[in-house]
Amino acid sequence: AQSVTQPDIHITVSEGASLELRCNYSYGATPYLFWYVQSPGQGLQLLLKYFSGDTLVQGIKGFEAEFKRSQSSFNLRKPSVHWSDAAEYFCAVGGTGTASKLTFGTGTRLQVTL
Amino acid sequence: SAVISQKPSRDICQRGTSLTIQCQVDSQVTMMFWYRQQPGQSLTLIATANQGSEATYESGFVIDKFPISRPNLTFSTLTVSNMSPEDSSIYLCSGGQTSYEQYFGPGTRLTVT
C-alpha cells in the first residue's frame, strides 16, 4: 500500500530565510508525487507535481521539489520565504493508473515570523 | 484547470440529522472525489463519485452513512446521514480529468452538536 510521511508537524522560519519541508513516500513502483498548500479556510492548491523526467521540479510561488528515488523522498524547498507562505503543506503520492488514488501525508504547518 | 465551489461553506447541525453538501465544477470533469479532513488531520478519501453509477467507497466508509450522487460531469453531492459529533470535520470535494490532476473546492466545515 502506498503511504506518505511528513516528519515535521510544525516548522517556523523567519521571513527571507530558506525553507525545506520533508516528505518520504512508500510506493511499489515509480510514484506520482505532489505538493499541495492549504491556506486557512481554503481548499488545497497544487504547488507542483512529479511524474517522470527531471528530478528537480519547479512549481508555483517560487517553490521547487526534488525527487530522490534512493531516499524515497520528495522534499519541498523555497530559497526565500514570504509571510504569505504561512499555511499547511501536504505531500501526496499517487499511482500511475488513471484511476489511482492520492494518499496524503499528515501535513506540515509553516509559520513565518517577521 | 477547474474551479470548484461547495455549498454550504459551513454549518452547525444537531446530532441525528443529515446534511447534503453540494459540489459544482465550472467545467466537465471525468473524476470527482470526496474527502474528509478531521481537525488537525490529513485528508482521507471517502469515495470516488462516478457519473451515472454508484460511488466507490473506501474502507471504513459506507453508502448508508455517506450517500453520494453524481448526476452529470459537473455536479456531485455528499450527504452525511444520522450525524454524530464524530462527524464534525471539513468535507472537501475535488475533481479532475484523472485522479492525479485534482482541483479542490474550499471545503465545507461541519460541526455537529
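To keep things clear, this report deals only with the structure shown in the data block. (Residues numbered from 1 in each chain as written. Chains lettered and ligands numbered in written order. Predicted model: local features only at pLDDT ≥ 70, side-chain atom pairs only at ≥ 80, totals over all residues. Heavy atoms only, no water.)

Concerning the state of the cysteines
Keep this limit in mind: When two cysteine sulfur atoms are found within 2.5 Å, that pair is recorded as a disulfide. Only DSSP runs of H or I with at least four residues qualify as helices, and only runs of E with at least two residues qualify as strands; both kinds are numbered from the N terminus onward. Each residue is assigned to one of three classes by its accessible area relative to the maximum for its type, calculated with a 1.4 Å probe on protein chains only: buried under 20%, partly exposed between the two thresholds, exposed over 50%.
In the structure shown here, the tally under the stated rule is 2 disulfides over all chains. Through a disulfide, A:C23 is tied to A:C91; the S-S separation comes to 1.9 Å. On the sign convention where negative is left-handed, the bridge of A:C23 and A:C91, at about -65° about the S-S bond, is left-handed. With A:C23 in the loop between β3 (19-21) and β4 (24-26) and A:C91 in strand β10 (residues 87-94), this residue pair connects regions lying 68 residues apart in the sequence. A:C23 sits in the buried class, given a relative accessible area of 0%. Each sulfur in the disulfide pair B:C23 and B:C93 lies 1.8 Å from the other.

Concerning unusual backbone geometry
Peptide bonds are mostly trans, and most non-glycine residues show a negative phi. Cis geometry marks the peptide bond from B:K7 to B:P8; its omega dihedral reads -5°. Within the element layout of this structure, B:P8 appears in the loop between β1 (4-7) and β2 (10-13). One non-glycine residue, A:K61, lies in positive phi territory at about 60°. Inspection of the secondary structure puts A:K61 in the loop between β7 (56-58) and β8 (64-68). Among the residues examined, A:K61 registers a relative accessible area of 46% and is labelled partly exposed. Even without being glycine, A:S72 reaches a positive phi, approximately 50°.

Section: the pattern of salt bridges
Opposite charge on two side chains allows them to pair when their charged atoms are near. Defined as follows: Counted as salt bridges are all cases of a side-chain nitrogen of Lys or Arg within 4 Å of a carboxyl oxygen of Asp or Glu.
If you walk through the whole model with that rule in mind, you get 8 salt bridges over all chains. Where B:E101 meets A:K49, a salt bridge forms, and the shortest distance between an N and an O atom there is 2.9 Å. Placement of B:E101 in the loop between β9 (89-96) and β10 (103-104) and of A:K49 in strand β6 (residues 44-50) is noted, with the two residues assigned to different chains. Judged by its relative accessible area of 22%, B:E101 is partly exposed. Overall, the relative accessible area of 30% leaves A:K49 in the partly exposed class. A salt bridge links B:D87 to B:K65; the nearest nitrogen and oxygen atoms lie 2.6 Å apart. With a gap of 22 residues between them, B:D87 in the loop between β8 (75-80) and β9 and B:K65 in the loop between β6 (56-57) and β7 (68-72) connect regions that are remote in the sequence. A residue is classified by how much of its surface remains accessible, and B:D87, at 5% relative accessible area, is buried. In this structure, a network of salt bridges that share partners links the residues A:E64, A:E66 and A:R77.

Looking at the interface of chain B and chain A
Put simply, the test is: Any two residues whose heavy atoms approach within 4.5 Å are treated as being in contact. Throughout, buried area stands for the accessible area (probe radius 1.4 Å) lost by two parts on being put together, summed over both. Polar contacts, as counted here, are pairs of nitrogen or oxygen atoms within 3.5 Å of one another; within protein the pair requires one atom able to donate a hydrogen and one able to accept it, and residues that are adjacent in sequence qualify only if both atoms are side-chain atoms. Asp, Glu, Lys and Arg are counted as charged, while Ala, Val, Leu, Ile, Met, Phe, Trp, Tyr, Cys and Pro are counted as nonpolar; the rest, among them Gly, fall into the polar class.
Listed by partner, the interface residues are 17 residues for chain B and 22 residues for chain A. Overall, the association of chain B and chain A removes approximately 1,500 Å² of surface from exposure, summing both partners, and the carbon and sulfur fraction of that is 55%. Of all residues in chain B, B:S42, B:Y100 and B:F104 give up the largest surface area on contact with chain A, accounting jointly for 37% of the area buried on that side. Joining chain B to chain A, the criterion identifies 2 salt bridges. B:E58 is the partner of A:K101 in a salt bridge, and the nearest nitrogen-oxygen pair spans 2.9 Å. Our count for the chain B to chain A interface comes out at 4 residue pairs in polar contact (both at pLDDT 80 or more). Taken together, the elements giving at least two residues each to the side of chain B that touches chain A come down to β4 (31-37) and β5 (43-49) of chain B. With 3 residues, the top contributor of residues to the side of chain B that touches chain A is β4(B). When the residues that make up the side of chain B that touches chain A are grouped by side-chain class, the tally is 8 nonpolar, 7 polar and 2 charged.

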